[in-house]
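# Results of the structural survey
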Protein chains: 4
Amino acid sequence: MSKLSVAIVGGSGYAGGEFLRLALNHPHLEVTQVTSERNAGDPVHFVHPNLRGRTHLKFRRMADLEAADVLILALPHGNAAKHFARFEGLAETIIDLSADFRIKDPELYRKYYEEDHPAPELLPSFVYGNPELHREELRGATRIACAGCLATSAILALYPLLKLGVPLPKDIMITGLVGSSAAGASGSDASHHPEREGSLRVYKATGHRHHAELTQELPGRFPLHLTAISTPRVRGILTTAQVFIPDGYSERDVWGAYREVYADEPFIRIVKVRKGIHRYPDPKLLDGSNFCDIGFETDDETGRVVIMSAIDNLVKGTAGHALQCLNIARGWDETLGLEFVGLHP
Amino acid sequence: MSKLSVAIVGGSGYAGGEFLRLALNHPHLEVTQVTSERNAGDPVHFVHPNLRGRTHLKFRRMADLEAADVLILALPHGNAAKHFARFEGLAETIIDLSADFRIKDPELYRKYYEEDHPAPELLPSFVYGNPELHREELRGATRIACAGCLATSAILALYPLLKLGVPLPKDIMITGLVGSSAAGASGSDASHHPEREGSLRVYKATGHRHHAELTQELPGRFPLHLTAISTPRVRGILTTAQVFIPDGYSERDVWGAYREVYADEPFIRIVKVRKGIHRYPDPKLLDGSNFCDIGFETDDETGRVVIMSAIDNLVKGTAGHALQCLNIARGWDETLGLEFVGLHP
Amino acid sequence: MSKLSVAIVGGSGYAGGEFLRLALNHPHLEVTQVTSERNAGDPVHFVHPNLRGRTHLKFRRMADLEAADVLILALPHGNAAKHFARFEGLAETIIDLSADFRIKDPELYRKYYEEDHPAPELLPSFVYGNPELHREELRGATRIACAGCLATSAILALYPLLKLGVPLPKDIMITGLVGSSAAGASGSDASHHPEREGSLRVYKATGHRHHAELTQELPGRFPLHLTAISTPRVRGILTTAQVFIPDGYSERDVWGAYREVYADEPFIRIVKVRKGIHRYPDPKLLDGSNFCDIGFETDDETGRVVIMSAIDNLVKGTAGHALQCLNIARGWDETLGLEFVGLHP
Amino acid sequence: MSKLSVAIVGGSGYAGGEFLRLALNHPHLEVTQVTSERNAGDPVHFVHPNLRGRTHLKFRRMADLEAADVLILALPHGNAAKHFARFEGLAETIIDLSADFRIKDPELYRKYYEEDHPAPELLPSFVYGNPELHREELRGATRIACAGCLATSAILALYPLLKLGVPLPKDIMITGLVGSSAAGASGSDASHHPEREGSLRVYKATGHRHHAELTQELPGRFPLHLTAISTPRVRGILTTAQVFIPDGYSERDVWGAYREVYADEPFIRIVKVRKGIHRYPDPKLLDGSNFCDIGFETDDETGRVVIMSAIDNLVKGTAGHALQCLNIARGWDETLGLEFVGLHP
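By the naming in an unreviewed UniProt entry, chain A is [LysW]-L-2-aminoadipate 6-phosphate reductase, taken from Deinobacterium chartae. As its UniProt record puts it under Subcellular location (unreviewed entry), chain A is described as follows: "Cytoplasm".

Below, the structure is given as structure tokens:
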């Protein structure tokens, strides 16, 4: 099979760099262009030193972008929509890693992004890039809006219960513990190492934008609430979702729901071990991998279920997720390029 | 004023070592004995190397314990109650840092500790060691059961709303992010550095023993739920409590409640800043200090309030809290020995 | 090609677990047995949770070991030699990850290991497992003693200068900064997370056992000295070697030496960049990868050259190195199973 | 005793903030002014959140600076010298935390700072701020150039051997492992948390500016070499100095030298313990404290001595050191305001 050519637009950021890392190892892809205004002319390994010796690609300016089979847009919020007229002329398949095309309802977009969507007419053309929820729509898709990282961890934690219509009697409370790479490659006062190292700090108590994705994607419209906390890790999200199951439901039912819904998922692992020290999901084990580990614990007295999910925000939360979508869209084995299992210890 | 003599029983652990550090700097205390079965005969600085040059004390066996003015019990769970007959003959004032005498109701104790209390007749003689809730009872007290660390962070986060009788319409959800020192000085497979470093792992999803203290101490008996997560930090707890305020209440009312209840507290700081990068509580800033920093954020649309509290689990969560109680019991300035403000960065 | 069967003896440790991770991804290998006395009967993913879903292997006892094509010995020091009679009957190819067969000279062994070698007659049959120095001997080899991790980082840092016979006028000073996983999977007081986290501590100022490997392997017998320091990282070694070049030599000559000697090495990268923030080797970039990154800087005034090398101690320092040796021994592509490039950030 | 008024110029950086923290706890000092151009008008606790509730000081502009008893200059390199005419009119006592007045020889300054000194005529008026070497000159001093942090750790490691005139036969090799706060409060690409976290990277292989201080301060002019490596810590420096003692000297002589020279030093602790896990200096134990811990280990075969010293770069390396100098200059107890011993764990 001849390889598809891939152009990564905005390739000096963490999402673009991670897609590049994965694509370099994919049997059917060949990355031919990577753009960065700031680093144009430099080898990509100046910015992504892990790729030293692995590729001789150099950054080019977006103005020099040429046609490709697949365009990966890894631009700051708003840019994909703004320049879309140009992008759609360059490639048949476009995968956007930003939030620009995730939300289908312009009203919902306005509420969370506090501005009118710049190109609402484009929204229907994009499939929301979450394989576990939208696998059938992804087959053959040419425009994919890759899901947000915190949204993905929360959606995958809750989806089985909601899909099966378990009538949850109380509000759902979600807490996401997030690594520093989720804020991107551009520094800020808060990301200065002496300030951020060892920090545990709520960074978005209410009104997190990924709430919009939860509202859109999770079936049943249960009231749910989201708080995001920054952690000392660089990669990784650990999400806990607190739900209450109705009378008559037990942990066995919960387990059954996850098994049923995720039975054939190649990247979801149900973690429910009674021995050893690794009984629950932990993002520490997932750096670089596309797995989403999910576990849960039930309080019989109150019916509370604590659902935990862990991902690498840059892989299953962004670039790996996107590649999984592309594999599905093209009809390839879903795991191609995503074989890395993570490290221990 | 002549100094009171202090004996620390179980002084090789983190709680005992931390009380020793604080007491060495207290103008009215003189630590004369520190016990450790394992390290008897060694200088205390072999175990607590920060105290090198600061004290020439050596560990002795518990069997060699002599009378003192104040006995600090820093023993593993169950030992304070078991040996209490001996301890009460040695000192007028006894402060227990363990959980043995915190819970007044033997039934509640049995539920969370899964055994009958070994000496229920002693329970009424102890004051629960939380200055913010029990300052008046602590004055002149000679037996103090120092509050648990996670319990303290959660109680201080919620107390003002509950004390003022705000009618909370929904369940309260508490998530505690806890450092590794909270599990004590004895190693385990899970505390081996390669396993624990960088780990974000739920360690007690439901049924945490400190729930018993919340049940006992928080006014109003609202339904509340507690999940504990281990973090990469050594010290520190960040607790978020998710509450819903009734219609008609606003963030202004919440703020008013905290200001009113904590107005004169020397170790509670309300963190509500509109500028800079330190807008919310962060345990990173509290290592070694006795402060409890409290902040909150309100979601107007849903009435949800995210209350955040941060402490150093070994200071405000254990040894500092205990010293604050002793200062109150003796009628001294409450802040004696607790002046350290923490470090930045 | 039919796959070779592999048995990993001592597979619950970090070295054995890492070889397992790599072998599971190797096209010509099939791991059929993994032993652990402590965990016999349990799935390997109880101990190596990253392999959950990737293998259904269970640990067995060493007593139940059956024949295989390749035996990987990942046992504590001394055990490979002690049980060798049994092992050699089980497999044609034996790769030992311990120090048992690295040192050819029993006197040198005695000096650093402070005991007589238990089976000196076996020593000549093993090739020292370092591809860069012993590639030709490794071709077709059936007994390989995999090089030590710190030794590997130091040897690779110094080899080109010494091989080319540059007459170094002064002693060579080597400092190795080592992650906690190098001490293995068994906990100790010093590895308890609250003690080790954030620690920077010399752990072997003089007399490090890997010095024996440097003495044996580095050409020219220059006086060299080694100090090892533990760092807050889990994986990774950064080694600096301080050498002095003779009058008339310049940085250009140094660069030339490294280029010449390492020109065709698939896992050595010379890092010498004039732009960006990644100008020198950093083990942070190598977690999980088999690269050894090497850089250097010259002080014209004194002729001092600071050579820096970085590796992942469990990959290029142990299991990856071993797999590279096996690839060479079997005549396969040297990079098979070792394609992972590491992560950024 | 009435308090001396203190003005901190450049108080939003880490050095100025640390001096403020210490001075707030000093019985004879009252900080009355703190300047920051960027934060003028804001409470100092917006920038130094650990001081919340401890002071109500606000930042002012340098233009609004008024007279004070003591001026602490904590400005970026070059600014103290440039504005000195103004500063000397404002206070009798001036302590500069920058490098501007440390080097007495303008030629030496030019070599390492690569420019002519802007005010060489001022250099003789400053005492080099290192109490262990210059205590007598510091008594009554009114101009103090506080020593550099890495220089301090190296000087204190080597001083006894050199002062006693031990004839060292070989070059001295110094390696400094440095925390991220040493680079100051201003962010850079390299200090962005995802890049710096967990990083072990040489940042100054040769030509470190603090070499100038070693050249000036260490007796005997032995050839010495310095390499600086950044570590994952925020605070702290661990320095190893590799020296060779002449034939006939033993570890006992080394120990004797350190005991003799540092016998009465309140902030130097010789760490030489045969038991437990804290046998060598470790900056982890020194955060916030003014101690310099020094240890050593000797290789009898080669005469090599590994000397290790650990400090908190912001305390004994900067602000604490400065306060110790001020205490000496004023004839106060040298330890005033510097009582904090550091934390364990």
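## Considering the interface of chain D and chain C
The partner chain C presents 46 residues to the 46 residues of chain D that form the contact. Taken together, the two surfaces of chain D and chain C that pack against each other cover about 4000 Å², and 61% of this comes from carbon and sulfur. Interface area lost by chain D to chain C is led by M173(D), L200(D) and I277(D), which between them contribute 16%. Here chain D is connected to chain C by 6 salt bridges. As a salt-bridge pair, R201(D) and D282(C) come within 3.8 Å of each other at their nearest N and O atoms. Applying the counting rule to chain D against chain C returns 30 residue pairs in polar contact (both at pLDDT 80 or more). Those elements giving two or more residues to the side of chain D that touches chain C turn out to be β8 (172-178), α7 (193-196), β9 (201-204), β10 (224-230), β11 (237-244), β13 (292-299) and β14 (304-311) of chain D.

## Looking at the pairing of strand β2 (residues 29-35) of chain C
All names here are of chain C. Within β2, 5 of the 7 residues are buried, leaving the element largely enclosed by the surrounding structure. One ladder, built from 5 bridges, connects strand β1 (residues 4-9) with β2; its direction is parallel. Residue pairing across strands places V6 opposite V31, the latter belonging to β2. Note that the unit made of β1, helix α1 (residues 14-23) and β2 has a crossover that is right-handed. With 2 bridges joining them, β2 and strand β3 (residues 59-60) adopt parallel strand pairing. Paired with T35 across the two strands is R60, which belongs to β3.

## Regarding the sheet that holds strand β3 (residues 59-60) of chain B
All names here are of chain B. Reading across the sheet, the 7 strands line up as β3-β2-β1-β4-β5-β7-β6 and stay open at both edges, with parallel pairing between neighbours. Of all the strands in the sheet, just β3 and β6 (127-129) have a single pairing partner and so form its edges. Judged from the 3 bridges that link them, strand β5 (residues 93-96) and strand β7 (residues 143-146) form a sheet pairing that is parallel. Looking at β7, one finds that I94 is bridged to R143.

## With respect to the sheet that holds strand β6 (residues 127-129) of chain D
Sheet strands associate in pairs through backbone hydrogen bonding, adopting either a parallel or an antiparallel arrangement. Residue and element names in this part refer to chain D. Pairing within the open sheet is parallel, and its 7 strands lie in the order β3-β2-β1-β4-β5-β7-β6. Either end of the sheet is taken by a strand with one partner, and the two such strands are β3 (59-60) and β6. Bridge count between β6 and strand β7 (residues 143-146): 3 bridges; the pairing is parallel. Within β7, the position partnered with V127 by the bridge is I144.

## Overview of the interface of chain A and chain B
Residue-level contacts link 46 residues of chain A with 46 residues of chain B. For the pair chain A and chain B, the interface holds 6 salt bridges. With a closest N to O distance of 2.9 Å, K111(A) and E301(B) form a salt bridge. Scanning the region where chain A abuts chain B turns up 30 residue pairs in polar contact (both at pLDDT 80 or more). Residue assignment for the side of chain A that touches chain B shows that the elements contributing at least two residues are β8 (172-178), α8 (193-196), β9 (201-204), β10 (224-230), β11 (237-244), β13 (292-299) and β14 (304-311) of chain A.

Cut-offs and rules
Residues numbered from 1 in each chain as written. Chains lettered and ligands numbered in written order. Predicted model: local features only at pLDDT ≥ 70, side-chain atom pairs only at ≥ 80, totals over all residues. Heavy atoms only, no water. UniProt positions renumbered as here; feature names shortened; annotations may be inferred. Contact = heavy atoms within 4.5 Å. Buried area = accessible area lost by both parts, 1.4 Å probe. Salt bridge = Lys/Arg side-chain N within 4 Å of Asp/Glu carboxyl O. Polar contact = N/O pair within 3.5 Å; in protein donor to acceptor, adjacent residues only side chain to side chain. Helix = DSSP H or I, 4+ residues; strand = E, 2+ residues; numbered from the N terminus. Buried < 20%, exposed > 50% of the residue type's maximum accessible area, 1.4 Å probe, protein only. Pairing = 2+ DSSP bridges. Right-handed = clockwise from strand over helix to strand, strands pointing away.

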